[in-house]
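A closer look at the structure
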Amino acid sequence: MQHFEDSVYDLIVETSTNLPGDVRRAVARGRALEDRATRSGLALTTIAQNIGMAELQVSPICQDTGMPTFIIHTPVGVNQIEMKKDIHNAIIRATKNGKLRPNSVDSLTGENSGDNLGAGTPVIHFEQWEQEGVDVRLILKGGGCENKNIQYSLPAELEGLGKAGRDLDGIRKCILHSVYQAQGQGCSAGFIGVGIGGDRTAGYELAKKQLFRKVEDVNPNGDLGKLEDYIMENANKLGIGTMGFGGEVTLLGCKIGVMNRLPASFFVSVAYNCWAFRRQGVLIDPATGDIKQWLYESGTGISVGAEDRSEPAAVLETVGAAADGGGLGVVPEDAAIPAAPAVLSAAEAAVNHDGEPADEAAGGSREVRLTTPVSEEDIRSLRVGDVVILSGEMHTGRDALHKYLMDHEAPVDLDGAVIYHCGPVMLKDDEGWHVKAAGPTTSIREEPYQGDIIKKFGIRAVIGKGGMGPKTLKALQEHGGVYLNAIGGAAQYYAECIKKVNSVDFMEFGIPEAMWHLQVDGFAAIVTMDAHGNSLHADVEKDSAAKLAQFREPVFK
């Protein structure tokens, strides 16, 4: 198969940069259900822009290109050893060209291989079949949503739902609970694959395989089809919303599969996938290695707008977008939030609040422009719900950096600084480093460190996604800081706001974990935890827990 490596490379690029048609339609259906003047509506608008930008620029939709996972069916006699070599070469090329982020890390040393190869990376499952073509399917599932996978062993006692038994109704409770526990940390609105039965390993594998089904297909098992419909209707009643901001749209797809189990075991495994549902497949000629057919509908030409309009949209001034969204299926109404007043300076924000929350003082979410370094006074003028538009220098910091800073000094002055939980996709040429994708990572991983880091260095703002816990909230209140929730997965949208890479430290941690010092302009995020002890994430979790309890009584008997 002379051209197999090139075909796999093309598959990787398409999967990473162009969201399939069925997924786009699911996002569009979600947008139609959400009020665009809400935080979740704002997030979906940003998502819609980002999808189009990634396709146009042939760059990763999300900076976390995940663990490349291939499922391959081959005719008898095809050399799987050579195929594996070609897949590895295609992975190296895609990483070098900025279509994949280097994500393969030694679990003991923490060293990043730099080329996405290593023990267990990428994941390749081969199966033989009695057909002539080679079927290659790929999913890129990021770490944030992978961390929200969950497995239940029935019978079990579930928060808010009570006893879940070894029956269809117990399975129903597990699936609803899986959506609840994810909150916004898996970049909702999401898609879930569910595997019923098997052992622990096979159950998770079955769950992930459900994600290869088409969003609009019908389950051939009538009982499971009814359960899928039930989950789609009722999971969206939990009120978690996009990014966990609260809202009408929490789940965009649910696919359920079943296999036999051991008498002593009854597992329900759930694979949670973010809105950036990146999976694609090709049918390949076993003689030449050429692509004969794409297995999922291309997203090209399919609108992600709630209405079928073709007019280009204006830049989203209300969220500080820096790139034109022309021709990307974003409708003109997206260009303004009716409840938002004019952009305020930090001083105007302090006067405007007069001690009242933003929604009360301003009649809706306000926009406040800040330039780094930021003063404590400016930060304490902010409230949950404000849209902050940042300019100046910010610094990326993830797991390795936070661990390091607990016992060491920072290489730059962080007093008044902004830390961005982000592991960007970066490329270097003769002119220096360039940001190819730069959305936020899930912040809760830094909860053991963040409060101490804020206190030690005088950090004023932390940007990430999914929110943080009580220790960080307490530190924000005591030391004058805010948590800013950026839109998860919007890697192209935010990359456009980064105007220059000033410098980088700790390259020994690998590109995603290094400390990048970035010059930004018009970088917008929403205050979801403020310096007054308020947390949107805690409020949404409490509200969704109450709503979850409404589904306690049996449905499938």
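Worth saying up front: this structure is predicted, and the values here are computed from it rather than measured.

Counting its regular elements, the protein chain contains 16 helices and 21 strands. Considering only contacts within the protein chain whose residues lie at least 6 apart along the sequence, 75% involve residues at least 24 apart. Accessible area of the protein chain: about 21,200 Å², with a carbon and sulfur share of 50%.

Because side chains alternate across strand S19 (residues 482-485), one face comprises the buried residues Val 482 and Leu 484, and the other comprises Tyr 483 and Asn 485, equally buried. Pairing geometry for strand S18 (residues 461-464) and S19, over four bridges, is parallel. Bridge pairing links Val 462 to Tyr 483 in S19. Taking the sense of rotation as the criterion, the β-α-β connection linking S18, helix H14 (residues 470-479) and S19 turns out right-handed. As paired strands, S19 and strand S21 (residues 515-529) are joined by three bridges and run antiparallel to one another. Paired with Asn 485 across the two strands is Ile 526, which belongs to S21.

The next subject is the pattern of salt bridges. In the structure shown here, the tally under the stated rule is 27 salt bridges. Where Arg 213 meets Asp 217, a salt bridge forms, and the shortest distance between an N and an O atom there is 2.9 Å. Note on Arg 213: relative accessible area 15%, which makes it buried. Residue class for Asp 217 comes out partly exposed when judged on its relative accessible area of 28%. When the shortest N-O distance is used, the salt bridge between Glu 376 and Arg 380 registers 2.8 Å. Note that Glu 376 and Arg 380 are positioned in helix H11 (residues 376-380) at a spacing of four residues, about one turn of the helix. For Arg 380, a relative accessible area of 26% translates into the label partly exposed. Members of the salt-bridge network, linked through shared partners, are Arg 25, Arg 29, Glu 216 and Glu 297.

Another point: the packing of aromatic side chains. A complete count under the given rule lists nine aromatic pairs for this structure. Between Phe 191 and Phe 277 the ring centres are 4.7 Å apart and the planes differ by 40 degrees, which places this aromatic pair in the tilted class. A residue pair is termed long-range when its members are at least 10 positions apart, and Phe 191 in strand S7 (residues 190-196) and Phe 277 in the loop between strand S9 (267-273) and strand S10 (278-284) qualify at 86 residues. Summarising the burial analysis for this pair, Phe 191 and Phe 277 share the class buried.

Turning next to the packing of helix H6 (residues 168-182) against helix H16 (residues 536-548). Two elements in contact, H6 and H16, have axes whose closest approach is 10 Å; the angle formed by their N-to-C orientations is 170 degrees. Relative to H16, H6 is oriented roughly antiparallel. Residues Leu 176, His 177 and Tyr 180 of H6 lie in contact with H16, whose contacting residues are Glu 541, Ser 544, Ala 545 and Leu 548. Per-class residue counts for the contact of H6 with H16 are four nonpolar, two polar and one charged.

With that out of the way, let us pick up unusual backbone geometry. The phi angle of most residues is negative, glycine excepted, and most peptide bonds adopt the trans form. Here the bond from Leu 154 into Pro 155 is cis, since omega is 5 degrees, no more than 30 degrees from zero. If you trace the backbone, Pro 155 turns up in the loop between strand S4 (150-153) and strand S5 (156-158). In this model, Ser 188 is joined to Ala 189 through a cis peptide bond whose omega is 5 degrees. Checked against the element boundaries, Ala 189 lands in the loop between H6 and S7. Backbone geometry places Gln 183, a non-glycine residue, at a positive phi of 45 degrees.

Looking now at the environment of Val 418. Assignment of secondary structure puts Val 418 in strand S15 (residues 418-420). On the accessibility criterion, Val 418 (0% relative accessible area) is buried. Excluding its chain neighbours within four sequence positions, the residues that come into contact with Val 418 are Thr 372, Val 374, Leu 390, Met 394, His 395, Ala 461 and Ile 463.

Moving on, we come to the confidence of the model for the protein chain. On average, residues of the protein chain score 91 in pLDDT, and 89% of them are at 70 or above. Scored below 50 in pLDDT, residues 354-363 makes 19 contacts in the model with residues more than four places away or belonging to other chains.

The subject of this paragraph is the sheet that holds S7. As summarised here, the arrangement of the four strands in space is S4-S9-S7-S8, forming an open sheet in which the pairing is mixed. Pairing within the sheet leaves two strands with one partner each, and these edge strands are S4 and strand S8 (251-258). This sheet shows a mean twist of 15 degrees between the axes of neighbouring strands, independent of strand direction. With four bridges joining them, S4 and S9 adopt antiparallel strand pairing. Bridging across to S9, Gln 151 finds its partner in Ser 269. Packed on one face of the sheet, H6 meets S4, S7, S8 and S9 and runs near 145 degrees to S4.

In this section: empty space enclosed by the protein. As enumerated under the stated definition, the model contains four cavities of 30 Å³ or more in all. Estimated volume of the largest cavity: approximately 130 Å³. Taken together, 18 residues line the largest cavity, and the ones lying closest to its centre are Cys 62, Asp 64, Gly 144, Cys 187 and Lys 465. Top element by residues in the lining of the largest cavity is helix H5 (residues 143-146). It accounts for three residues.

It is at 11 Å that the axes of H6 and helix H8 (residues 222-235) come closest, and there the two elements cross at 35 degrees. Every pair of crossing elements has a handedness; the one defined by H6 and H8 is right-handed. Where H6 approaches H8, its residues Leu 168, Ile 171, Arg 172, Ile 175, Leu 176 and Val 179 are matched on the opposing element by Asp 223, Leu 224, Leu 227, Tyr 230, Ile 231, Asn 234 and Ala 235. Taken together, the residues of the contact of H6 with H8 break down into 10 nonpolar, one polar and two charged.

The rules behind each value
Residues numbered from 1 in each chain as written. Predicted model: local features only at pLDDT ≥ 70, side-chain atom pairs only at ≥ 80, totals over all residues. Heavy atoms only, no water. Helix = DSSP H or I, 4+ residues; strand = E, 2+ residues; numbered from the N terminus. Contact = heavy atoms within 4.5 Å. Areas by Shrake-Rupley, 256 points an atom, 1.4 Å probe, with all protein chains shown as cover. Buried < 20%, exposed > 50% of the residue type's maximum accessible area, 1.4 Å probe, protein only. Pairing = 2+ DSSP bridges. Right-handed = clockwise from strand over helix to strand, strands pointing away. Salt bridge = Lys/Arg side-chain N within 4 Å of Asp/Glu carboxyl O. Phe/Tyr/Trp six-rings, centres within 6.5 Å; stacked < 30°, edge-to-face > 60°. Axes fitted to C-alpha atoms, helices over the stretch in contact; angles between N-to-C directions. Parallel < 35°, antiparallel > 145°, perpendicular 65-115°, else oblique. Nonpolar A, V, L, I, M, F, W, Y, C, P; charged D, E, K, R; others polar. pLDDT = per-residue confidence, 0-100. 1 Å grid on protein atoms, 1.4 Å probe; cavity = no way out; pocket = protein on both sides within 12 Å on 5 of 7 lines; lining within 4 Å. Points joined across faces, edges and corners; volume = space filled by probe spheres on them. Left-handed = near helix turned anticlockwise from the far one by under 90°.

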